[in-house]
Amino acid sequence: MPDWKKLIAGKIAIAKKGNIKSKATSNERIPAGQTQVTNFPVLDLGVKPDVSTDDWQLRIFGLVEKELTLDWTAFQALNHVTDVSDFHCVTRWSQLDMDWQGVSVQDILALAAPLETAKFVTMHGYDGYTTNLPLEALLDDDVLIAHSVLGKPLSKEHGGPVRMVVPRRYAWKGAKWLKAIELHRYDRRGFWEVRGYHNDAFPFEEQRFSEDDDI
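Residues numbered from 1 in each chain as written. Predicted model: local features only at pLDDT ≥ 70, side-chain atom pairs only at ≥ 80, totals over all residues. Heavy atoms only, no water.

Describing the overall build of the chain
Turning to step 1, where the next piece is worked out: For the chain, the helix and strand inventory stands at 3 helices and 11 strands.
Turning to step 2, where the next piece is worked out: Walking the chain from its N terminus toward its C terminus, one meets helices and strands in the order α-β-β-β-α-β-β-α-β-β-β-β-β-β.
Turning to step 3, where the next piece is worked out: When each of the 215 residues of the chain is scored for burial, the buried share is 50%.
Turning to step 4, where the next piece is worked out: Long-range contacts, defined as pairs at least 24 residues apart, comprise 69% of the intrachain contacts of the chain with a sequence gap of at least 6. (Helix = DSSP H or I, 4+ residues; strand = E, 2+ residues; numbered from the N terminus. Buried < 20%, exposed > 50% of the residue type's maximum accessible area, 1.4 Å probe, protein only. Contact = heavy atoms within 4.5 Å.)

Comments concerning the sheet that holds strand β6 (residues 120-125)
Turning to step 1, where the next piece is worked out: The strand order across the open sheet formed by 5 strands is β3-β2-β11-β6-β7, and the pairing between neighbours is mixed. Across the chains shown, the open sheet's two edge strands, defined by having one partner strand only, are β3 (68-71) and β7 (130-134). Going from strand to strand, the sheet's axes swing by 15° on average, the running direction of each strand aside.
Turning to step 2, where the next piece is worked out: In terms of strand pairing, β6 meets strand β11 (residues 178-184) through 6 bridges, oriented antiparallel. If you follow Phe120 over to β11, its bridge partner there is His184. (Pairing = 2+ DSSP bridges. Axes fitted to C-alpha atoms, helices over the stretch in contact; angles between N-to-C directions.)

Observations regarding unusual backbone geometry
Turning to step 1, where the next piece is worked out: Here the residue pair Gly160 and Pro161 is connected by a cis peptide bond, since its omega of 15° sits within 30 degrees of zero.
Turning to step 2, where the next piece is worked out: When you line up the elements, Pro161 lands in the loop between β9 (152-153) and β10 (163-165).
Turning to step 3, where the next piece is worked out: Phi at Arg92 is positive, roughly 80°, even though this residue is not glycine.
Turning to step 4, where the next piece is worked out: Along the chain, Arg92 falls in the loop between β4 (81-89) and β5 (93-104).

Considerations on the packing of aromatic side chains
Turning to step 1, where the next piece is worked out: All chains considered together, the criterion is met by 14 aromatic pairs.
Turning to step 2, where the next piece is worked out: Measuring from ring centre to ring centre gives 4.7 Å for Trp172 and Tyr197, while their planes differ by 75°; the resulting arrangement is edge-to-face. Here Tyr197 lies in the segment after β11 and Trp172 lies in the loop between β10 and β11, a separation of 25 residues in the sequence.
Turning to step 3, where the next piece is worked out: You can call Tyr197 buried: its relative accessible area is 0%.
Turning to step 4, where the next piece is worked out: Taken together, the aromatic side chains of Tyr129, Tyr170, Trp172, Phe191, Trp192, Tyr197 and Phe209 make up a single cluster linked through ring pairs.
Turning to step 5, where the next piece is worked out: Sitting over the ring of Phe61, Arg59 keeps its end group 3.9 Å from the ring centre.
Turning to step 6, where the next piece is worked out: Stacked on the ring of Phe191, the Lys or Arg Arg195 has its end atom at 3.9 Å from the ring centre. (Phe/Tyr/Trp six-rings, centres within 6.5 Å; stacked < 30°, edge-to-face > 60°. Lys NZ or Arg CZ within 6 Å of the ring centre and 35° of its normal.)

Observations concerning the environment of Leu43
Turning to step 1, where the next piece is worked out: By secondary structure assignment, the location of Leu43 is in the loop between β1 (35-36) and β2 (57-62).
Turning to step 2, where the next piece is worked out: Classification of Leu43 by relative accessible area gives partly exposed; the value is 30%.
Turning to step 3, where the next piece is worked out: With residues near it in sequence (within four places) discarded, Leu43 still touches Cys89, Thr91, Trp93 and Lys176.

Here it is in C-alpha cells:
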C-alpha cells in the first residue's frame, strides 16, 4: 500500500507551487497559474485498480426513480459521442483540445430519472476515491463518461476503462476508474474536498483550495 500521508502532502505541495517543466504560454484558454503541456501527465495516489471490461460495472443509485447497473455491453449500446475540450489539472498544467469519446452523463442520468429532491452527486471510483458536484454540473453537454482519449482507449493509468470528464472544473472532479454515481439531497465533500481542496473547483477562478482550511 502507498504511504498515503506522504502522497497527499506531495500532491498538495505541487498544487500550491507547481513543478511542471514546460514553456509558459499566453493563451486566454489557459487559466491563471497554469502552464500548457502537450503530453498527458499521470497523477494519482499510488493506487491503479486493474478493472477489466468483463468485470466493470457502473451503478447509478440514490435519489433516482430507477437505480441502474450497467455492464460493459450495456454501456457500449448507448449513444457514444466525441467532445473536444481543454483539461486543467490542479497541479498547474493544462492540455488543450483533448478529444474524449464516451457517453454523455445527461443520457445516463436520464435513464435513472433523478428525483426532484436530488441536488448533489458523489462519484465513486474503483480505487475508493470520491468527489462531489452539484447535479446541475453534470448536465452540461460536455460532461462525459469517457472510454477513450486522443484516439485510444483509456489506459489503466488514466482511469480506464472509464473516467468522468468535467471540463469546466479542475480535473480532480472527474473520477478515474468510475464505479458509481450517487445522487443525494445534500452536499457531501469527497476525498480531496475534505482535505482542503476547493468544493467548486472552477479553474478560471483559481479555486484550488478552500479559504476556510489551513493546509
